[in-house]
Amino acid sequence: MRVTLCQAALAGAISLNLLLLFCAWRGPGRAAPSCRPPRGVPGVTVLLRDFEDFDNDLAGTARSFASLPVPVLVAAEAAPYPPVPLPAGVRLLPLRPVADRPPPLAHPELHVRTRHVALVPDGTRAVPGLLERMRDALEQGPGDTRLVAAAVGSVPLRCLELRLEPRVWTARYGTGAPGVCRAVEGTAVLLLRTRDLFALPFPLARPVPTAIFVQAALRGWGLRVVPGAFPASRRPPVSPHNHWKAENLAESRRRRLMRDLGIKREVLADGQERWYGCGKETARCFSTVHARTPQYLLAGRWTPPCCLRALRETARHVVGALEATGVRYWLEGGSLLGAARLGDIIPWDYDVDLGIYQEDVGKCRWLAAAAAGEPVEDAEGFLWEKAAEGDFYRVHYSRSNRLHVDLWPFYPRGGVMTKDTWLGHPQDVEFPESFLQPRVPMAFAGFTAMAPNNARAFLELKFGPGAIENPEYPNP
């Protein structure tokens, strides 16, 4: 008997419906059929994530924890190379898809069946009962406790405060009071509820502790340190080459993590800083500005701190060059507004504005070259050029990084300062030359610059009454 295509399709549809009904069916006193994987099984799953392919104790760490026994999973972009002989029952979860193969079963949240998960660093040895004590500390702790840490090795953990300032792209660490932790310093096993871990946007980003601490701090999660410690394995000294490789990989991972988390600067507990944003050799952190509204403002953020640092450095350099060659200049527009209000660049500004006397352009060799249409890089790597938008000049932080100072050439006409290029900004207006006779020094961006002699009147002429006291975004 031949089965037609229509009959086969009908039979398939009937079979699918029967299967769905079976999965949804529950009879009196019967358990639900196992069409879905079990969730929330009591216990702790050990997850090994932070290790290096070329130098690790993965097999020993997995073997130690598998002996408790607890489920042990190894999460990695791909199988370690050289291959690692994992103990029986320990599963490898490859995280990186391969183009010519089906997607990997790499979503760890589908493989962790227990209510709790422990993130265990490479080279840790198990201690019977310590994971359970960590779990009990989590469940019995204050309501905001979502994370428990226990030391690895003989060095105790140092409790740290961690404050995230997303608007200014900054993470600040400080010494935490006992029992009030947002992060820890030192090697640690971290335990949290499985549902909390996999609710994070970057649950297994590396370095794992930093990724967890930052994401937890953003959510106001508390961290509790438990007494007791896991032993660290005794391993032979790392070769100089492998040490160099590990340091470089750790730095690149940390930079990638900070980029993903939107952090450009870390202020450490000892006051030192780590920077992750743009520099002389990179492009700036934001794209071309449209309608005077930079991209970061639309995301609810202010100018990245690396960009402000570059603008301050560029402004200081340009002012020094102008003063050394006798070019008369003054703080203009939003830069003068920032100086009058804060003594600094406005926290959401994206350039620095200086006015100059047009007749002085030839005094500075860099300006003269720019005026002749020849972009020129000075001895310190700053790029001077004529702006494409009109008769004014720009000094860029570098050829790669186009953060810049705008130099607006004005000239007097009947006692009024005017210029040849007007871009339609509200503050782009003529003004009496008397504001510049004399010019006066004013603190700005960490140095002293020259400014109009009555900054308030000058700014209110350009921006309107109360401009200093009433901050607003450039395109409110």
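Cut-offs used in this document
- All chains use their own residue numbering, which begins from 1 and follows the written sequence.
- Given that the model is predicted, a residue must reach a pLDDT of at least 70 before its local features are reported, and side-chain atom pairs must reach 80 or more before they are shown or counted; all residues, however, enter totals for whole chains, interfaces and linings.
- Neither water nor hydrogens contribute to the side-chain values; these are computed over all heavy atoms in the structure.
- Think of it this way: DSSP has to see at least two bridges between two strands before they count as a pair.
- Counting from the N terminus, the helices are DSSP H or I runs at least four residues long and the strands are E runs at least two residues long.
- Here an axis means a line fitted to C-alpha atoms, over the contact stretch when the element is a helix, while the angle between two N-to-C directions is reported on a 0 to 180 degree scale.
- A pair of cysteine sulfur atoms is labelled a disulfide when the two atoms are within 2.5 Å.
- For the exposure calls, accessible area comes from a 1.4 Å probe over protein chains only, and a residue counts as buried if that area is under 20% of its type's maximum, exposed if over 50%, partly exposed in between.
- Only heavy atoms enter the contact rule, under which two residues are in contact if any of them lie within 4.5 Å.
- For this analysis, a ring pair means two rings from Phe, Tyr or Trp (six-membered ring only for Trp) whose centres lie within 6.5 Å, classed as stacked if their planes differ by under 30 degrees, edge-to-face if by over 60, and tilted for the remaining angles.
- Definition used: whenever NZ (Lys) or CZ (Arg) falls within 6 Å of the ring centre and also within 35 degrees of the ring normal, the charge is taken to sit over that ring.

A. Spatial organisation of the sheet that holds strand β6 (residues 158–165). Across the sheet, five strands lie side by side as β8-β6-β7-β11-β12; this open sheet has mixed pairing. Lying at the two open borders of the sheet, with one neighbouring strand each, are β8 (183–185) and β12 (273–275). Strand-to-strand, the axes of this sheet are offset by a mean angle of 25°, without reference to chain direction. Bridging between strand β11 (residues 265–267) and β12 involves three bridges; their strand directions are antiparallel. Looking at the pairing, E266 lines up with R274 of β12.

B. Spotlight on the state of the cysteines. Counted under the stated rule, the structure contains one disulfide. Of all cysteine sulfurs in the structure, the one in C285 sits closest to C278, which takes part in no disulfide; the separation is 3.7 Å. We classify C278 as buried; its relative accessible area is 7%.

C. The sheet that holds strand β5 (residues 145–152), seen in detail. Within the open sheet, the seven strands sit side by side as β3-β2-β1-β4-β9-β5-β10. Their pairing is mixed. Of all strands in the sheet, those with a lone pairing partner are β3 (91–94) and β10 (222–230), marking the two edges. Sheet twist, expressed as the average angle between the axes of neighbouring strands with direction ignored, equals 25°. Here six bridges tie strand β1 (residues 41–48) to strand β4 (residues 114–120), and the two strands are oriented parallel to one another. Directly across from L47, in β4, lies its bridge partner L119. Sheet contacts for helix α5 (residues 208–218): β4, β5, β9 (188–193) and β10; angle to β9, the most-contacted strand, approximately 45°.

D. Highlighting the packing of aromatic side chains. One pass over the structure, following the stated rule, counts 13 aromatic pairs. Judged by centre distance (6.0 Å) and plane angle (40°), the rings of F65 and F230 are tilted. Of this pair, F65 sits in helix α2 (residues 58–66) while F230 sits in strand β10, placing them 165 residues apart in sequence. The same class applies to F65 and to F230, which are both buried. Seen in terms of ring centroids, F435 and F458 are 5.2 Å apart; in terms of plane orientation they differ by 85°. Their pairing is edge-to-face. Of this pair, F435 sits in the loop between β20 (431–432) and β21 (440–444) while F458 sits in helix α11 (residues 455–463); the two residues are 23 residues apart in sequence, bridging distant segments of the chain. Each member of the pair, F435 as well as F458, is classed as buried. These aromatic residues form a ring-pair network of at least three members: W330, Y357, F410, F431, F435 and F458. Its end group placed over the ring of F54, K245 keeps NZ or CZ at 4.0 Å from the ring centre.

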